[in-house]
Amino acid sequence: MGDWLGTGNISNRMRRFEAFTTARAKVRKLGIKSQTEWFKYCKSGELPLTIPSNPHRTYADSGWTGFGDWLGTETSSTRVRKYRPFEQARAFVRDLKLKSTTEWYAYRKSGKRPSDIPANPHTTYATDGWVGMGDWLGNGKAPRLRKYRAFKDARAFVHGLGLKSSKEWTSFCLSGSKPWDIPAKPAQAYVDSGWISYGDWLGTNTTSTRNRVYQSFKVARAFARNLGLKSQADWIAYCKSGKRPSDIPYSPQEVYADHGWLGLGDWLGTGVAPRLRQYRPFQNARIFVRGLGLKSWAEWKAYCGSDKKPADIPSRPDKVFAGDGWAGGGDWLGYAR
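Below is a short write-up of the structure. What you see as residue numbers is a count from 1 along each chain, following the sequence as written. Residue-level local features of this predicted model are given only where pLDDT is at least 70; pairs of side-chain atoms are given and counted only at 80 or more, and the full residue set underlies all totals for whole chains, interfaces and linings. Remark: hydrogens and water are excluded; side-chain values derive from all non-hydrogen atoms of the structure.

**Description of the packing of aromatic side chains**
Centres within 6.5 Å make a pair out of two Phe, Tyr or Trp rings, where for Trp the six-membered ring is used; the pair is then stacked when the planes are under 30 degrees apart, edge-to-face when over 60, and tilted otherwise. One pass over the full model with this rule turns up 32 aromatic pairs. With 5.0 Å between their ring centres and 80 degrees between their planes, tryptophan 195 and tyrosine 198 make a pair best called edge-to-face. The classification of residues rests on relative accessible area computed with a 1.4 Å probe and restricted to protein chains. Under 20% of the type maximum is buried, over 50% is exposed, and intermediate values are partly exposed. For tryptophan 195, a relative accessible area of 14% gives the class buried. In textbook terms, an aromatic cluster arises when at least three aromatic residues are bridged by ring pairs, as seen for Phe151, Trp169, Phe172, Tyr190, Trp195, Tyr198 and Trp201. A cation over an aromatic ring shows up here: arginine 280 above the ring of phenylalanine 288, its NZ or CZ 4.8 Å from the ring centre. Our definition puts a charge over a ring when NZ of Lys or CZ of Arg is within 6 Å of the ring centre and also within 35 degrees of the ring normal.

Below you can see the structure in the form of structure tokens.
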């Protein structure tokens, strides 16, 4: 959402994170003692943009071995701990008769777990037999290993439920009433065997956002700008009002991601986020600025606040051109070459 507002916040998938070992070294210096403390720290707003809040996902294939290693709380004895072979450990856990992941977590915290039964079996046995929590507890196979009903039969069953939205579908899946051979994630289960959309799956005949036909980016943006909205909150309120035409997307950042999107400020006409603007090359921009005849940085700031500055001339050239020619305010203004 920060990209919409031009605040500079970027979603995890768009960030450039530090290498695993570098990020881990910085995190260990924070003195965080548990996974719970880690997530509290992530929510505090103090986490650097170059450190991921979900390192177990970001570094899954590049060094990740657990939060104990990430935070530096793992002792040498923990790292070399010997666990039971997978089948023996699984047999022990199945005898506990636990019914869900929640019950497994509760057992894990109870202090009753033997030291040779891992707290994170999905990590310990990742390449040695692990196929899912259902298989581990003995109450069912991992979803990807199940044999589901044929798509048409499953869809016919779901149509009979009378559900009206994907939210209602999720609630049904969590209710305990869903047959085991009906997938909770049909888009994945039937991706190559009939899946079209949730509208088709539920029988509402609505079309998913990505499959709808929208106005071109320029036409849609012009429409949005004419609304006179000033913020993300205004845009969301407008979308919920029922006044938004069906060919104007609720989530323009997804629809127009590769077709002109520059942030919500540009969409509403309130301004493009500085990091997304296209500025003149350094030398061209400097020539323009030197022609203004300004004699000090104070005069430059006053000029930037006067509304006379072209949009493709940055107000903070020291940041924009930091690695591309910047040599100081005197050089920029032309009074100290």
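Let us keep going from here.
**Observations concerning unusual backbone geometry**
With a phi angle near 60 degrees, lysine 97 is a residue other than glycine that sits in the positive phi range. Put simply, DSSP H or I for four residues or longer makes a helix, DSSP E for two residues or longer makes a strand, and each gets a number counted from the N terminus. By the element assignment, lysine 97 lies in the loop between helix H7 (86-94) and helix H8 (101-109). Taking relative accessible area as the criterion, lysine 97 reaches 58% and is therefore assigned exposed.

**A closer look at helix H12 (residues 166-174)**
Those residues of H12 that fall on the buried side of the exposure criterion are Trp169, Phe172 and Cys173. For H12, the arc enclosing every buried residue in end-on projection is 100 degrees, short of the 170-degree limit, so these residues lie on one face. The exposed residues of H12 that point more than 90 degrees off its buried face are Lys167 and Leu174. In this structure, the buried residues of H12 make contact with helix H11 (151-159), helix H13 (186-189) and helix H14 (198-202). The arc in question is the one spanned by the directions pointing from the helix axis to the C-beta atoms. Should any heavy atoms of two residues lie within 4.5 Å, those residues are considered in contact.

**Considerations on the pattern of salt bridges**
Throughout this description, the term salt bridge denotes a Lys or Arg side-chain nitrogen within 4 Å of a carboxyl oxygen of Asp or Glu. Scanning the entire structure with this criterion turns up twelve salt bridges. In this structure, arginine 290 and aspartate 331 form a salt bridge, with 3.0 Å as the shortest nitrogen-oxygen distance. Here aspartate 331 lies in helix H22 (residues 329-333) and arginine 290 lies in helix H19 (residues 282-290), a separation of 41 residues in the sequence. For arginine 290, a relative accessible area of 24% puts it in the partly exposed group. Linking arginine 316 and aspartate 318 is a salt bridge whose minimum nitrogen-to-oxygen distance equals 2.7 Å. Accessibility expressed as a relative area gives 23% for aspartate 318, which makes it partly exposed. Linked by salt bridges that have partners in common, Arg24, Arg28 and Asp69 make up one network.

No statement about biological role is implied by the geometric values presented.
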